[in-house]
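A closer look at the structure
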Amino acid sequence: MGLFELFLVAVGLSMDAFAVSICKGLATPKLRPRHLLVVGLWFGGFQALMPLLGYFLGAAFQRYITAVDHWVAFVLLALIGGNMIREAFSPESEAADCSLSVKVMAPMAIATSIDALAVGVTFALLPDVAILPAVGLIGVTTFALSALGVKVGRVFGAKYQAKAEFVGGAILVLLGLKILLEHLGVLG
């Protein structure tokens, strides 16, 4: 997987955090640089940690699933992406909370990074993924997009939240399809 593809994965994974960050920005009465930093660190940190954990899980079971690894990668990415697309069309049910406390941020950071755990399993099944640069790129990308999301939420409102989740989901589904088609020999 090349740098550009890893960047697309990072952007796709970041969209949940970006959407939640927009909500944080909406709920924050007076935006300070501290808000951007804290939200970015929580989401970026967990988005980097989870694929690393998933990678180690996937590596532990790799020998058992090598024959179907392309299907596993496709199914995981399609399910994650499909869920993100579905969420983009569902009505928002929770009110945003402007708190940056551990009690509020930790569950949100975990919830928005569960899909990154599954992507980490996928990384373990792909022969050309250097895990440390990959998780670094995912963490930095999520940090930047989360900080941007807080600002966007404060300035523009919830207008772009569903679009961000849809785009992120579509990217992941298309990357899963690309992995499958490459393995089947349809793509060079």
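Conventions used here
- Residues numbered from 1 in each chain as written.
- Predicted model: local features only at pLDDT ≥ 70, side-chain atom pairs only at ≥ 80, totals over all residues.
- Heavy atoms only, no water.
- UniProt positions renumbered as here; feature names shortened; annotations may be inferred.
- Helix = DSSP H or I, 4+ residues; strand = E, 2+ residues; numbered from the N terminus.
- Rg over C-alpha atoms; globule rule 2.2 N^0.38 Å.
- Buried < 20%, exposed > 50% of the residue type's maximum accessible area, 1.4 Å probe, protein only.
- Areas by Shrake-Rupley, 256 points an atom, 1.4 Å probe, with all protein chains shown as cover.
- Lys, Arg positive; Asp, Glu negative; His and termini not counted.
- Charge placed at Lys NZ, Arg CZ, Asp CG, Glu CD.
- Salt bridge = Lys/Arg side-chain N within 4 Å of Asp/Glu carboxyl O.

In the annotation of an unreviewed UniProt entry, the entry for the chain reads Putative manganese efflux pump MntP, and the organism field reads Candidatus Avoscillospira stercorigallinarum. The UniProt entry for the chain carries this comment under Subcellular location (unreviewed entry): "Cell membrane". On record in UniProt, under Sequence similarities (unreviewed entry), the comment for the chain is "Belongs to the MntP (TC 9.B.29) family."

The subject of this paragraph is the overall build of the chain. For the chain, the count of helices and strands is 6 helices and 0 strands. In the chain, the order of α-helices and β-strands from amino to carboxyl end is α-α-α-α-α-α. Taking 2.2 N^0.38 as the reference for a compact globule, 188 residues should give roughly 16 Å; the C-alpha atoms of the chain span a radius of gyration of 16 Å, in line with that estimate. Over its C-alpha atoms, taken along the principal directions, the chain stretches across nearly 55 × 30 × 25 Å. Put simply, the chain has 188 residues, and 45% of those count as buried. As displayed, the chain offers around 9400 Å² of accessible surface, 73% of which is attributable to carbon and sulfur atoms. Between the averaged position of the 12 positive side-chain charges in the chain and that of its 11 negative side-chain charges there is a distance of 14 Å.

A separate point is the UniProt feature "transmembrane region" (unreviewed entry) in the chain. Here, the residues flagged by UniProt with the feature "transmembrane region" (unreviewed entry) are residues 6–27, 36–58, 64–85, 106–125, 131–150 and 162–181. Secondary structure within residues 6–27 divides into 100% helix and 0% strand; the distance between the first and last C-alpha atoms comes to 32 Å. Annotated as residues 131–150, this span is 100% helix and 0% strand, and its ends, taken at the C-alpha atoms, are 28 Å apart.

Okay, the pattern of salt bridges next. Tallied over the full model, the rule gives 1 salt bridge. The partner of Glu-5 in a salt bridge is Lys-178, with the nearest N and O atoms 2.3 Å apart. One end of the pair, Glu-5, is in helix α1 (residues 3–27); the other, Lys-178, is in helix α6 (residues 161–183), with 173 residues separating them in the sequence.

Glancing now at the environment of Ile-22. The residue Ile-22 is located in helix α1 in this model. Between the C-alpha atoms of Ile-22 and His-183, which are 161 residues apart in sequence, the distance is 37 Å.

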